[in-house]
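Architecture at a glance
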Amino acid sequence: MRRIWPCCFTRRVSNTHQKAEDIQRSIGTMENPKEGNADHGVSEVWVYSFVHSCKRLFSFAVLFLIYIFLDYWVLRASFCSEQNESTIKSRDSLSSNIILNHDFSRVKSGGNYAVITNRKECWQGLEQDITSRVSLGSTYSVSACVGVSGSLQGSAQLQPTTCRTSVSREQWKKLEGTFSLSTMPDRVVFYLEGPSPGLDLLIESVVIFCSSPTEEESSSTRCAAAGDENIILNPIFEDGVNNWSGRGCKILLHDSMGGGKIVPQSGKFFASATERTQSWNGIQQEITGRVQRKLAYEVAAVVRIFGNNVTSADVRVTLWVQTPNLREQYIGVANSQATDKDWIQLQGKFLLNASPSRVVIYLEGPPPGTDILVNSLVVKHAEKIPPSPPPVIEDPAFGINTIQNSNLNDGSNGWFPLGSCNLSVATGSPRILPPMARDSLGAHNPLSGRYILVTNRTQTWMGPAQMITDRVKLYLTYQVSAWVRIGPGATAPQNVNVALGVDSQWVNGGQANVSDDRWYEIGGSFRIEKQPLKVMVYVQGPASGVDLMVAGLQIFPVDRHARFRHLKKETDKVIGRHDFWR
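Model, not experiment: these values are computed from the prediction.

1. Brief notes about the environment of Met257
Residue placement: Met257 occurs in the loop between strand S11 (250-254) and strand S12 (270-274). C-alpha separation for the pair Met257 and Phe270, spaced 13 residues apart in sequence, amounts to 9.8 Å. Dropping the residues within four chain positions of it, Met257 is found in contact with Ile262, Phe270, Phe306, Asp371 and Leu373.

2. Side note on the sheet that holds strand S16 (residues 328-339)
Spatially, S10-S13-S18-S15-S16 is the arrangement adopted by the 5 strands of the open sheet, whose pairing is antiparallel. Among the strands making up the open sheet, the edge pair consists of strand S10 (245-247) and S16. If you compare each strand with its neighbour and ignore which way they point, the axes differ by 25 degrees on average. Bridge count between strand S13 (residues 282-286) and strand S18 (residues 358-364): 3 bridges; the pairing is antiparallel. Of the residues in S18, the one forming a bridge with Gln284 is Tyr362.

3. Topic: the sheet that holds strand S25 (residues 494-502)
Reading across the sheet, the 5 strands line up as S20-S23-S28-S25-S26 and stay open at both edges, with antiparallel pairing between neighbours. Sheet topology places strand S20 (416-418) and strand S26 (505-514) at the edges, where each strand pairs with a single neighbour. Pairwise comparison of adjacent strand axes, ignoring direction, gives a mean angle of 25 degrees for this sheet. One ladder, built from 6 bridges, connects S25 with strand S28 (residues 535-540); its direction is antiparallel. Each residue of the ladder has a partner; that of Ala499, found in S28, is Tyr538.

4. Focus on the side chain of Ser272
With respect to the helices, strands and loops of the structure, Ser272 is situated in strand S12. Here Ser272 falls in the buried class, since its relative accessible area comes to 1%.

5. So, the nonpolar core
Grouped together as the largest cluster of nonpolar side chains are 37 residues, with contacts concentrated most on Ile283, Val317, Leu319, Leu346, Phe350, Ile361 and Leu363. Taken together, the elements giving at least two residues each to this core come down to S12, strand S14 (296-306), strand S15 (312-322), S16, strand S17 (344-351), S18 and strand S19 (371-381). Membership of the second largest hydrophobic core comes to 33 residues, among which are Ile403, Ile468, Val514 and Phe526.

Conventions we followed
Residues numbered from 1 in each chain as written. Predicted model: local features only at pLDDT ≥ 70, side-chain atom pairs only at ≥ 80, totals over all residues. Heavy atoms only, no water. Helix = DSSP H or I, 4+ residues; strand = E, 2+ residues; numbered from the N terminus. Contact = heavy atoms within 4.5 Å. Pairing = 2+ DSSP bridges. Axes fitted to C-alpha atoms, helices over the stretch in contact; angles between N-to-C directions. Buried < 20%, exposed > 50% of the residue type's maximum accessible area, 1.4 Å probe, protein only. Core = buried A, V, L, I, M, F, W, Y, C linked by side-chain atoms within 4.5 Å.

And the structure:
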(Lines give C-alpha, C1' and ligand atoms only; values in the text may rest on other atoms or scores of the structure.)
Protein backbone atom coordinates (compact mmCIF):
# COMPACT_ATOMS: atom_id res chain seq x y z
CA MET A 1 0.00 0.00 0.00
CA ARG A 2 1.32 3.42 -0.94
CA ARG A 3 1.67 5.78 2.00
CA ILE A 4 0.26 9.28 1.84
CA TRP A 5 2.61 12.00 3.14
CA PRO A 6 0.67 14.86 4.77
CA CYS A 7 3.85 16.17 6.45
CA CYS A 8 5.71 19.24 5.17
CA PHE A 9 9.21 19.51 3.69
CA THR A 10 11.24 22.72 3.77
CA ARG A 11 14.85 23.76 3.18
CA ARG A 12 16.70 25.73 5.84
CA VAL A 13 19.89 27.71 5.47
CA SER A 14 22.23 29.06 8.09
CA ASN A 15 20.97 32.40 9.45
CA THR A 16 24.12 33.25 11.43
CA HIS A 17 24.88 36.39 9.44
CA GLN A 18 21.36 37.73 9.83
CA LYS A 19 21.44 37.27 13.60
CA ALA A 20 24.86 38.91 13.83
CA GLU A 21 23.61 41.94 11.90
CA ASP A 22 20.60 42.27 14.23
CA ILE A 23 22.91 42.17 17.27
CA GLN A 24 25.28 44.77 15.79
CA ARG A 25 22.30 47.06 15.19
CA SER A 26 21.31 46.65 18.86
CA ILE A 27 24.85 47.44 20.04
CA GLY A 28 24.97 50.47 17.77
CA THR A 29 21.79 51.80 19.33
CA MET A 30 23.18 51.41 22.86
CA GLU A 31 26.43 53.18 22.00
CA ASN A 32 24.54 56.25 20.77
CA PRO A 33 22.18 57.13 23.65
CA LYS A 34 19.94 60.11 23.41
CA GLU A 35 21.34 63.26 24.97
CA GLY A 36 20.06 63.74 28.52
CA ASN A 37 19.13 66.84 30.56
CA ALA A 38 22.19 68.89 31.71
CA ASP A 39 20.62 69.44 35.13
CA HIS A 40 21.54 65.95 36.25
CA GLY A 41 25.18 67.04 36.81
CA VAL A 42 27.58 64.56 38.46
CA SER A 43 24.87 61.90 38.82
CA GLU A 44 24.53 61.86 35.05
CA VAL A 45 28.27 61.23 34.65
CA TRP A 46 28.14 58.34 37.13
CA VAL A 47 25.06 56.83 35.52
CA TYR A 48 26.57 57.23 32.04
CA SER A 49 29.82 55.58 33.21
CA PHE A 50 27.85 52.70 34.71
CA VAL A 51 25.75 52.28 31.58
CA HIS A 52 28.85 52.48 29.39
CA SER A 53 30.52 49.72 31.44
CA CYS A 54 27.36 47.60 31.15
CA LYS A 55 27.34 48.17 27.41
CA ARG A 56 30.91 46.99 27.09
CA LEU A 57 30.15 43.94 29.19
CA PHE A 58 27.00 43.25 27.13
CA SER A 59 28.95 43.70 23.89
CA PHE A 60 31.56 41.21 25.06
CA ALA A 61 28.82 38.73 26.04
CA VAL A 62 27.09 39.14 22.67
CA LEU A 63 30.32 38.65 20.75
CA PHE A 64 31.07 35.57 22.85
CA LEU A 65 27.63 34.16 22.05
CA ILE A 66 28.20 34.85 18.35
CA TYR A 67 31.50 32.99 18.57
CA ILE A 68 29.78 30.01 20.27
CA PHE A 69 26.95 30.09 17.70
CA LEU A 70 29.35 30.17 14.75
CA ASP A 71 31.49 27.46 16.32
CA TYR A 72 28.41 25.22 16.63
CA TRP A 73 27.59 25.58 12.93
CA VAL A 74 31.19 25.01 11.92
CA LEU A 75 31.38 21.88 14.05
CA ARG A 76 28.03 20.64 12.70
CA ALA A 77 29.08 21.14 9.10
CA SER A 78 32.51 19.65 9.85
CA PHE A 79 30.93 16.61 11.50
CA CYS A 80 28.63 15.83 8.61
CA SER A 81 31.39 16.56 6.09
CA GLU A 82 33.79 14.21 7.91
CA GLN A 83 31.13 11.54 8.19
CA ASN A 84 30.26 11.64 4.51
CA GLU A 85 33.87 12.20 3.37
CA SER A 86 34.85 8.89 4.93
CA THR A 87 32.41 7.25 2.56
CA ILE A 88 33.14 9.52 -0.38
CA LYS A 89 36.92 9.16 -0.18
CA SER A 90 36.65 5.39 -0.09
CA ARG A 91 34.74 5.58 -3.39
CA ASP A 92 36.84 8.38 -4.93
CA SER A 93 33.85 10.65 -5.67
CA LEU A 94 30.08 11.09 -5.42
CA SER A 95 29.67 10.39 -9.11
CA SER A 96 28.15 6.98 -8.31
CA ASN A 97 25.58 8.34 -5.83
CA ILE A 98 22.13 7.30 -7.03
CA ILE A 99 20.36 9.91 -4.85
CA LEU A 100 19.54 13.07 -6.78
CA ASN A 101 20.30 16.41 -5.03
CA HIS A 102 21.73 14.39 -2.16
CA ASP A 103 22.81 17.40 -0.05
CA PHE A 104 20.00 19.84 -0.97
CA SER A 105 22.55 22.13 -2.64
CA ARG A 106 20.40 23.10 -5.61
CA VAL A 107 19.58 26.52 -4.18
CA LYS A 108 21.61 29.73 -4.29
CA SER A 109 22.43 29.78 -0.56
CA GLY A 110 24.79 27.33 1.10
CA GLY A 111 24.54 25.36 4.38
CA ASN A 112 21.27 23.59 3.46
CA TYR A 113 19.47 20.75 5.15
CA ALA A 114 15.96 19.35 4.80
CA VAL A 115 13.34 19.73 7.54
CA ILE A 116 10.28 17.44 7.58
CA THR A 117 7.60 19.07 9.73
CA ASN A 118 3.96 18.51 10.66
CA ARG A 119 4.62 14.79 11.21
CA LYS A 120 1.58 12.93 12.55
CA GLU A 121 2.95 9.38 12.28
CA CYS A 122 6.32 7.74 13.00
CA TRP A 123 6.66 6.51 9.38
CA GLN A 124 6.32 9.99 7.86
CA GLY A 125 9.56 11.35 6.44
CA LEU A 126 11.35 12.12 3.16
CA GLU A 127 11.36 9.81 0.14
CA GLN A 128 12.89 9.50 -3.33
CA ASP A 129 11.99 7.05 -6.11
CA ILE A 130 15.15 5.16 -7.17
CA THR A 131 13.53 2.48 -9.35
CA SER A 132 15.47 3.31 -12.52
CA ARG A 133 18.79 3.69 -10.67
CA VAL A 134 19.07 0.32 -8.89
CA SER A 135 19.86 -3.07 -10.40
CA LEU A 136 18.94 -6.61 -9.50
CA GLY A 137 21.59 -8.46 -7.48
CA SER A 138 23.77 -5.42 -6.78
CA THR A 139 24.73 -4.48 -3.21
CA TYR A 140 24.26 -0.83 -2.22
CA SER A 141 25.76 1.06 0.72
CA VAL A 142 23.74 3.77 2.49
CA SER A 143 25.07 6.74 4.48
CA ALA A 144 22.89 9.56 5.82
CA CYS A 145 23.59 12.53 8.14
CA VAL A 146 20.41 13.10 10.19
CA GLY A 147 19.03 14.82 13.27
CA VAL A 148 15.77 15.68 15.06
CA SER A 149 14.25 18.87 16.41
CA GLY A 150 11.38 19.65 18.74
CA SER A 151 10.27 18.81 22.25
CA LEU A 152 12.29 15.63 22.86
CA GLN A 153 12.87 13.72 26.10
CA GLY A 154 15.94 11.47 25.87
CA SER A 155 16.60 10.21 22.35
CA ALA A 156 14.63 9.19 19.27
CA GLN A 157 14.97 6.20 16.96
CA LEU A 158 15.50 7.21 13.34
CA GLN A 159 15.85 4.83 10.40
CA PRO A 160 15.61 4.28 6.71
CA THR A 161 14.51 0.78 5.73
CA THR A 162 18.13 -0.46 5.81
CA CYS A 163 19.55 0.82 9.14
CA ARG A 164 18.71 2.72 12.33
CA THR A 165 20.29 4.92 14.98
CA SER A 166 19.42 6.77 18.20
CA VAL A 167 19.46 10.57 17.86
CA SER A 168 19.32 13.16 20.66
CA ARG A 169 18.01 16.68 20.27
CA GLU A 170 20.35 19.10 18.47
CA GLN A 171 22.71 16.25 17.58
CA TRP A 172 23.70 15.13 14.11
CA LYS A 173 24.20 11.41 13.69
CA LYS A 174 25.30 9.18 10.83
CA LEU A 175 23.14 6.31 9.59
CA GLU A 176 24.89 3.49 7.73
CA GLY A 177 23.71 0.25 6.18
CA THR A 178 23.47 -1.87 3.03
CA PHE A 179 20.78 -3.47 0.91
CA SER A 180 20.38 -5.59 -2.22
CA LEU A 181 17.43 -6.76 -4.30
CA SER A 182 16.96 -10.47 -4.93
CA THR A 183 13.95 -9.82 -7.18
CA MET A 184 13.13 -6.69 -9.15
CA PRO A 185 9.91 -5.01 -7.95
CA ASP A 186 7.81 -2.62 -10.02
CA ARG A 187 8.88 0.32 -7.84
CA VAL A 188 11.71 1.05 -5.38
CA VAL A 189 11.40 4.02 -2.99
CA PHE A 190 14.05 5.00 -0.41
CA TYR A 191 12.76 6.93 2.60
CA LEU A 192 13.77 8.01 6.11
CA GLU A 193 11.39 7.66 9.06
CA GLY A 194 11.35 7.00 12.80
CA PRO A 195 11.07 9.96 15.20
CA SER A 196 7.93 10.26 17.31
CA PRO A 197 4.99 12.25 15.90
CA GLY A 198 5.46 15.98 16.42
CA LEU A 199 9.25 15.87 16.11
CA ASP A 200 10.85 17.44 13.05
CA LEU A 201 13.17 15.20 11.03
CA LEU A 202 16.38 16.92 9.85
CA ILE A 203 18.40 15.54 6.93
CA GLU A 204 21.80 16.96 5.98
CA SER A 205 22.72 14.54 3.16
CA VAL A 206 22.08 11.04 1.83
CA VAL A 207 24.54 8.91 -0.15
CA ILE A 208 23.69 5.55 -1.77
CA PHE A 209 26.25 3.91 -4.03
CA CYS A 210 26.81 0.51 -5.55
CA SER A 211 29.42 -1.31 -3.43
CA SER A 212 32.54 -2.56 -5.19
CA PRO A 213 32.66 -6.38 -5.25
CA THR A 214 35.28 -8.15 -3.12
CA GLU A 215 36.80 -11.58 -3.54
CA GLU A 216 34.32 -12.99 -1.00
CA GLU A 217 31.29 -11.63 -2.84
CA SER A 218 29.57 -14.02 -5.21
CA SER A 219 28.90 -13.15 -8.82
CA SER A 220 25.26 -12.54 -7.91
CA THR A 221 26.20 -9.39 -5.97
CA ARG A 222 28.33 -7.72 -8.64
CA CYS A 223 27.30 -4.22 -9.57
CA ALA A 224 25.64 -3.98 -12.95
CA ALA A 225 28.04 -2.55 -15.49
CA ALA A 226 28.33 -2.25 -19.23
CA GLY A 227 29.86 -5.31 -20.82
CA ASP A 228 28.96 -8.84 -21.85
CA GLU A 229 26.51 -9.54 -19.01
CA ASN A 230 23.12 -10.79 -20.21
CA ILE A 231 20.29 -8.86 -18.55
CA ILE A 232 17.83 -11.70 -19.22
CA LEU A 233 17.30 -13.94 -16.20
CA ASN A 234 17.26 -17.70 -16.79
CA PRO A 235 18.02 -17.16 -20.51
CA ILE A 236 18.38 -20.85 -21.52
CA PHE A 237 15.66 -22.22 -19.21
CA GLU A 238 18.02 -24.16 -16.92
CA ASP A 239 15.76 -23.08 -14.04
CA GLY A 240 12.55 -24.09 -15.77
CA VAL A 241 10.34 -21.17 -16.74
CA ASN A 242 11.16 -19.10 -13.66
CA ASN A 243 11.29 -15.33 -14.45
CA TRP A 244 9.25 -15.97 -17.63
CA SER A 245 5.50 -15.62 -18.21
CA GLY A 246 2.96 -15.99 -20.98
CA ARG A 247 1.68 -12.90 -22.74
CA GLY A 248 -1.97 -13.86 -23.17
CA CYS A 249 -1.14 -17.57 -23.43
CA LYS A 250 0.49 -20.47 -21.59
CA ILE A 251 4.21 -21.33 -21.52
CA LEU A 252 5.67 -24.81 -21.08
CA LEU A 253 9.15 -26.30 -20.64
CA HIS A 254 10.41 -29.08 -22.95
CA ASP A 255 13.47 -31.21 -23.52
CA SER A 256 11.98 -32.47 -26.80
CA MET A 257 8.82 -32.28 -28.92
CA GLY A 258 7.30 -33.96 -31.94
CA GLY A 259 8.25 -37.46 -30.88
CA GLY A 260 11.86 -36.47 -30.30
CA LYS A 261 12.28 -34.70 -33.65
CA ILE A 262 12.59 -31.27 -32.01
CA VAL A 263 15.44 -30.95 -29.52
CA PRO A 264 17.29 -27.87 -28.19
CA GLN A 265 19.94 -26.34 -30.43
CA SER A 266 21.98 -25.67 -27.28
CA GLY A 267 21.55 -26.54 -23.63
CA LYS A 268 19.04 -29.07 -22.31
CA PHE A 269 15.69 -27.28 -22.52
CA PHE A 270 13.54 -24.89 -24.51
CA ALA A 271 10.20 -23.19 -23.84
CA SER A 272 7.02 -22.97 -25.87
CA ALA A 273 4.29 -20.33 -25.95
CA THR A 274 1.18 -22.42 -26.58
CA GLU A 275 -2.62 -22.01 -26.73
CA ARG A 276 -2.12 -18.70 -28.54
CA THR A 277 -5.35 -17.03 -29.66
CA GLN A 278 -3.86 -13.73 -30.92
CA SER A 279 -0.78 -12.96 -33.03
CA TRP A 280 0.64 -10.84 -30.15
CA ASN A 281 0.50 -13.75 -27.69
CA GLY A 282 3.93 -15.10 -26.76
CA ILE A 283 6.57 -15.52 -24.07
CA GLN A 284 7.81 -12.49 -22.12
CA GLN A 285 10.13 -11.27 -19.37
CA GLU A 286 10.11 -7.97 -17.50
CA ILE A 287 13.51 -6.23 -17.61
CA THR A 288 12.61 -3.10 -15.63
CA GLY A 289 15.60 -1.90 -13.62
CA ARG A 290 18.07 -3.96 -15.65
CA VAL A 291 17.89 -1.86 -18.79
CA GLN A 292 19.39 1.64 -18.79
CA ARG A 293 18.54 4.68 -20.87
CA LYS A 294 20.96 6.04 -23.48
CA LEU A 295 22.69 2.64 -23.81
CA ALA A 296 22.45 0.49 -26.94
CA TYR A 297 21.54 -3.18 -26.46
CA GLU A 298 22.00 -6.17 -28.75
CA VAL A 299 19.29 -8.83 -28.82
CA ALA A 300 19.72 -12.42 -30.03
CA ALA A 301 17.00 -15.09 -29.80
CA VAL A 302 17.01 -18.69 -31.06
CA VAL A 303 13.46 -19.59 -32.13
CA ARG A 304 11.27 -21.82 -34.33
CA ILE A 305 7.54 -22.53 -34.73
CA PHE A 306 5.38 -25.62 -34.28
CA GLY A 307 1.84 -26.79 -35.02
CA ASN A 308 -1.38 -25.76 -36.76
CA ASN A 309 0.04 -26.90 -40.14
CA VAL A 310 2.02 -23.66 -40.43
CA THR A 311 5.44 -24.22 -41.97
CA SER A 312 6.70 -20.63 -42.04
CA ALA A 313 5.71 -17.49 -40.11
CA ASP A 314 7.07 -14.13 -39.05
CA VAL A 315 8.44 -14.08 -35.48
CA ARG A 316 9.22 -10.73 -33.83
CA VAL A 317 11.03 -9.51 -30.72
CA THR A 318 9.17 -6.49 -29.31
CA LEU A 319 9.62 -4.14 -26.35
CA TRP A 320 6.61 -2.94 -24.40
CA VAL A 321 7.56 0.30 -22.64
CA GLN A 322 5.45 2.18 -20.11
CA THR A 323 6.45 5.81 -19.54
CA PRO A 324 6.17 7.57 -16.15
CA ASN A 325 2.91 9.21 -17.33
CA LEU A 326 1.54 5.68 -18.05
CA ARG A 327 1.69 5.99 -21.84
CA GLU A 328 2.45 2.74 -23.65
CA GLN A 329 4.94 2.31 -26.48
CA TYR A 330 5.73 -0.73 -28.62
CA ILE A 331 9.23 -0.90 -30.12
CA GLY A 332 10.07 -3.50 -32.74
CA VAL A 333 13.55 -4.92 -32.11
CA ALA A 334 13.99 -7.85 -34.49
CA ASN A 335 11.96 -10.01 -36.88
CA SER A 336 12.56 -12.91 -39.26
CA GLN A 337 10.80 -15.79 -40.98
CA ALA A 338 10.87 -18.83 -38.72
CA THR A 339 10.06 -22.36 -39.87
CA ASP A 340 8.97 -25.63 -38.31
CA LYS A 341 12.07 -27.39 -39.72
CA ASP A 342 14.99 -25.81 -37.86
CA TRP A 343 16.03 -23.21 -35.30
CA ILE A 344 16.83 -19.69 -36.56
CA GLN A 345 18.42 -16.70 -34.84
CA LEU A 346 16.68 -13.34 -34.50
CA GLN A 347 19.04 -10.38 -34.09
CA GLY A 348 18.40 -6.69 -33.45
CA LYS A 349 19.29 -3.63 -31.40
CA PHE A 350 17.42 -1.05 -29.32
CA LEU A 351 18.09 2.07 -27.27
CA LEU A 352 15.77 3.88 -24.84
CA ASN A 353 16.13 7.66 -24.78
CA ALA A 354 13.92 8.27 -21.74
CA SER A 355 13.70 6.64 -18.30
CA PRO A 356 10.76 4.21 -18.43
CA SER A 357 8.68 3.06 -15.47
CA ARG A 358 8.35 -0.47 -16.89
CA VAL A 359 9.96 -2.46 -19.74
CA VAL A 360 8.90 -5.91 -20.97
CA ILE A 361 10.56 -7.85 -23.82
CA TYR A 362 8.46 -10.49 -25.58
CA LEU A 363 8.23 -12.65 -28.72
CA GLU A 364 5.15 -12.55 -30.94
CA GLY A 365 4.04 -12.87 -34.57
CA PRO A 366 2.86 -16.28 -35.81
CA PRO A 367 -0.86 -16.79 -36.50
CA PRO A 368 -3.10 -18.01 -33.64
CA GLY A 369 -2.77 -21.70 -32.88
CA THR A 370 0.93 -21.84 -33.81
CA ASP A 371 3.38 -22.33 -30.95
CA ILE A 372 6.49 -20.17 -30.59
CA LEU A 373 9.51 -22.19 -29.43
CA VAL A 374 12.39 -20.37 -27.74
CA ASN A 375 15.75 -21.99 -27.02
CA SER A 376 17.52 -18.87 -25.68
CA LEU A 377 17.29 -15.09 -25.41
CA VAL A 378 20.28 -12.80 -24.87
CA VAL A 379 20.12 -9.02 -24.28
CA LYS A 380 23.44 -7.32 -23.56
CA HIS A 381 25.15 -3.98 -24.08
CA ALA A 382 26.15 -3.42 -27.68
CA GLU A 383 29.78 -2.84 -28.50
CA LYS A 384 30.62 0.69 -29.50
CA ILE A 385 31.84 0.64 -33.08
CA PRO A 386 33.63 3.79 -34.27
CA PRO A 387 31.50 5.35 -37.01
CA SER A 388 32.96 5.37 -40.48
CA PRO A 389 33.32 8.78 -42.11
CA PRO A 390 30.08 9.73 -43.87
CA PRO A 391 30.18 9.64 -47.66
CA VAL A 392 30.08 12.77 -49.76
CA ILE A 393 26.43 13.36 -50.71
CA GLU A 394 25.81 14.73 -54.16
CA ASP A 395 22.83 17.01 -54.66
CA PRO A 396 21.48 16.87 -51.10
CA ALA A 397 18.46 19.03 -52.09
CA PHE A 398 18.44 21.02 -48.87
CA GLY A 399 15.01 22.44 -48.06
CA ILE A 400 13.08 20.26 -50.53
CA ASN A 401 10.06 18.54 -48.99
CA THR A 402 10.07 14.75 -49.34
CA ILE A 403 6.33 14.49 -48.62
CA GLN A 404 4.21 14.15 -51.75
CA ASN A 405 0.99 16.14 -51.98
CA SER A 406 1.80 17.90 -48.71
CA ASN A 407 -0.57 20.78 -49.52
CA LEU A 408 -3.33 18.30 -50.44
CA ASN A 409 -3.89 20.00 -53.81
CA ASP A 410 -4.62 16.53 -55.21
CA GLY A 411 -6.99 15.43 -52.48
CA SER A 412 -5.60 12.59 -50.36
CA ASN A 413 -3.57 11.01 -53.18
CA GLY A 414 -0.23 9.71 -51.93
CA TRP A 415 -1.64 9.17 -48.42
CA PHE A 416 -3.20 6.05 -46.93
CA PRO A 417 -4.81 5.29 -43.55
CA LEU A 418 -2.79 3.28 -41.07
CA GLY A 419 -5.36 0.86 -39.71
CA SER A 420 -9.12 1.00 -40.25
CA CYS A 421 -9.48 4.77 -39.78
CA ASN A 422 -10.89 7.08 -42.48
CA LEU A 423 -9.08 9.96 -44.22
CA SER A 424 -10.71 13.01 -45.77
CA VAL A 425 -9.59 16.52 -46.75
CA ALA A 426 -11.01 19.66 -45.11
CA THR A 427 -10.14 23.37 -45.05
CA GLY A 428 -9.37 25.82 -42.25
CA SER A 429 -5.79 25.08 -41.19
CA PRO A 430 -3.02 27.71 -40.82
CA ARG A 431 -1.57 29.10 -44.06
CA ILE A 432 1.81 29.96 -42.59
CA LEU A 433 4.66 27.55 -41.98
CA PRO A 434 5.26 26.45 -38.39
CA PRO A 435 7.95 28.67 -36.78
CA MET A 436 10.73 26.05 -36.73
CA ALA A 437 10.29 25.26 -40.43
CA ARG A 438 10.12 28.97 -41.22
CA ASP A 439 13.47 29.49 -39.46
CA SER A 440 15.08 26.82 -41.64
CA LEU A 441 13.39 27.49 -44.98
CA GLY A 442 13.19 31.28 -44.86
CA ALA A 443 10.87 32.87 -47.43
CA HIS A 444 8.36 30.24 -48.51
CA ASN A 445 5.05 29.99 -50.32
CA PRO A 446 2.07 29.96 -47.95
CA LEU A 447 0.35 26.69 -47.12
CA SER A 448 -2.93 25.79 -48.80
CA GLY A 449 -5.12 25.89 -45.70
CA ARG A 450 -6.21 22.28 -46.32
CA TYR A 451 -5.67 19.47 -43.83
CA ILE A 452 -6.18 15.72 -43.44
CA LEU A 453 -9.06 14.80 -41.13
CA VAL A 454 -8.71 11.33 -39.57
CA THR A 455 -11.92 9.82 -38.18
CA ASN A 456 -13.09 6.40 -36.95
CA ARG A 457 -9.86 5.90 -34.97
CA THR A 458 -10.06 2.82 -32.75
CA GLN A 459 -6.36 2.66 -31.76
CA THR A 460 -3.86 5.34 -30.71
CA TRP A 461 -1.50 4.46 -33.60
CA MET A 462 -4.10 5.04 -36.31
CA GLY A 463 -3.54 8.05 -38.57
CA PRO A 464 -2.39 9.22 -42.02
CA ALA A 465 0.69 7.55 -43.50
CA GLN A 466 2.95 7.82 -46.55
CA MET A 467 5.87 5.75 -47.86
CA ILE A 468 9.05 7.81 -48.39
CA THR A 469 11.62 5.01 -48.85
CA ASP A 470 13.02 6.29 -52.16
CA ARG A 471 13.04 9.93 -51.10
CA VAL A 472 15.35 9.84 -48.05
CA LYS A 473 19.15 9.63 -48.28
CA LEU A 474 21.65 8.21 -45.85
CA TYR A 475 23.61 10.51 -43.52
CA LEU A 476 21.40 13.52 -44.23
CA THR A 477 19.69 15.22 -41.30
CA TYR A 478 15.97 15.68 -42.00
CA GLN A 479 13.84 18.24 -40.22
CA VAL A 480 10.20 17.42 -39.44
CA SER A 481 7.50 20.08 -39.20
CA ALA A 482 3.68 19.98 -39.13
CA TRP A 483 0.52 21.55 -37.73
CA VAL A 484 -1.70 19.19 -35.69
CA ARG A 485 -5.02 19.47 -33.89
CA ILE A 486 -7.49 17.09 -32.23
CA GLY A 487 -11.26 16.88 -32.33
CA PRO A 488 -13.68 16.95 -29.39
CA GLY A 489 -14.03 14.13 -26.90
CA ALA A 490 -10.63 14.16 -25.19
CA THR A 491 -10.77 14.29 -21.39
CA ALA A 492 -7.07 15.10 -20.93
CA PRO A 493 -4.16 16.51 -22.95
CA GLN A 494 -3.26 14.22 -25.84
CA ASN A 495 0.25 13.38 -27.05
CA VAL A 496 0.48 13.59 -30.85
CA ASN A 497 3.66 12.62 -32.64
CA VAL A 498 5.12 12.18 -36.12
CA ALA A 499 6.62 8.69 -36.27
CA LEU A 500 8.80 6.91 -38.79
CA GLY A 501 8.80 3.17 -39.33
CA VAL A 502 12.31 2.34 -40.59
CA ASP A 503 12.10 -1.38 -41.34
CA SER A 504 11.31 -2.84 -37.89
CA GLN A 505 12.53 0.22 -35.96
CA TRP A 506 10.33 3.03 -34.67
CA VAL A 507 11.75 6.58 -34.76
CA ASN A 508 10.14 9.60 -33.08
CA GLY A 509 10.14 12.56 -35.48
CA GLY A 510 8.65 15.06 -33.02
CA GLN A 511 5.70 15.36 -30.67
CA ALA A 512 3.37 17.84 -28.97
CA ASN A 513 0.85 17.80 -26.12
CA VAL A 514 -2.47 18.95 -27.54
CA SER A 515 -5.18 19.97 -25.11
CA ASP A 516 -7.77 22.13 -26.89
CA ASP A 517 -9.11 23.10 -30.32
CA ARG A 518 -6.04 25.14 -31.37
CA TRP A 519 -3.43 24.16 -33.95
CA TYR A 520 -0.11 23.03 -32.45
CA GLU A 521 3.33 22.87 -34.03
CA ILE A 522 5.24 19.59 -34.13
CA GLY A 523 8.97 19.77 -34.80
CA GLY A 524 11.83 17.30 -34.74
CA SER A 525 14.62 15.74 -36.76
CA PHE A 526 16.13 12.37 -37.66
CA ARG A 527 19.00 10.83 -39.63
CA ILE A 528 19.33 7.37 -41.17
CA GLU A 529 22.77 5.78 -41.40
CA LYS A 530 21.91 2.27 -42.65
CA GLN A 531 20.14 1.55 -45.93
CA PRO A 532 16.54 0.57 -45.06
CA LEU A 533 14.20 -1.61 -47.08
CA LYS A 534 11.25 0.66 -46.34
CA VAL A 535 10.57 3.96 -44.62
CA MET A 536 7.05 4.99 -43.67
CA VAL A 537 6.02 8.26 -42.03
CA TYR A 538 2.77 8.46 -40.08
CA VAL A 539 1.06 10.66 -37.49
CA GLN A 540 -0.42 9.05 -34.38
CA GLY A 541 -1.15 9.58 -30.72
CA PRO A 542 -4.59 10.72 -29.56
CA ALA A 543 -6.81 8.30 -27.67
CA SER A 544 -9.13 6.05 -29.65
CA GLY A 545 -12.31 7.85 -30.70
CA VAL A 546 -10.60 11.26 -30.86
CA ASP A 547 -10.32 12.73 -34.37
CA LEU A 548 -6.90 13.83 -35.59
CA MET A 549 -6.11 16.73 -37.99
CA VAL A 550 -2.74 17.15 -39.79
CA ALA A 551 -1.70 20.06 -42.02
CA GLY A 552 1.44 21.08 -43.90
CA LEU A 553 3.63 18.09 -43.01
CA GLN A 554 7.19 18.86 -44.12
CA ILE A 555 10.20 16.52 -44.04
CA PHE A 556 13.21 18.14 -45.68
CA PRO A 557 17.01 17.76 -45.48
CA VAL A 558 18.97 20.52 -43.75
CA ASP A 559 22.62 21.52 -43.81
CA ARG A 560 23.71 20.50 -40.31
CA HIS A 561 26.56 22.99 -40.11
CA ALA A 562 24.37 25.84 -41.33
CA ARG A 563 21.66 24.71 -38.92
CA PHE A 564 24.09 24.73 -35.98
CA ARG A 565 25.27 28.22 -36.94
CA HIS A 566 21.66 29.40 -37.08
CA LEU A 567 20.83 27.88 -33.68
CA LYS A 568 23.93 29.43 -32.15
CA LYS A 569 22.95 32.80 -33.59
CA GLU A 570 19.45 32.50 -32.13
CA THR A 571 20.90 31.42 -28.77
CA ASP A 572 23.25 34.41 -28.75
CA LYS A 573 20.26 36.69 -29.38
CA VAL A 574 18.43 35.27 -26.37
CA ILE A 575 21.53 35.59 -24.18
CA GLY A 576 22.04 39.15 -25.40
CA ARG A 577 18.47 40.10 -24.51
CA HIS A 578 18.90 38.49 -21.11
CA ASP A 579 22.12 40.43 -20.45
CA PHE A 580 20.44 43.66 -21.57
CA TRP A 581 17.63 43.31 -19.01
CA ARG A 582 19.83 42.18 -16.12
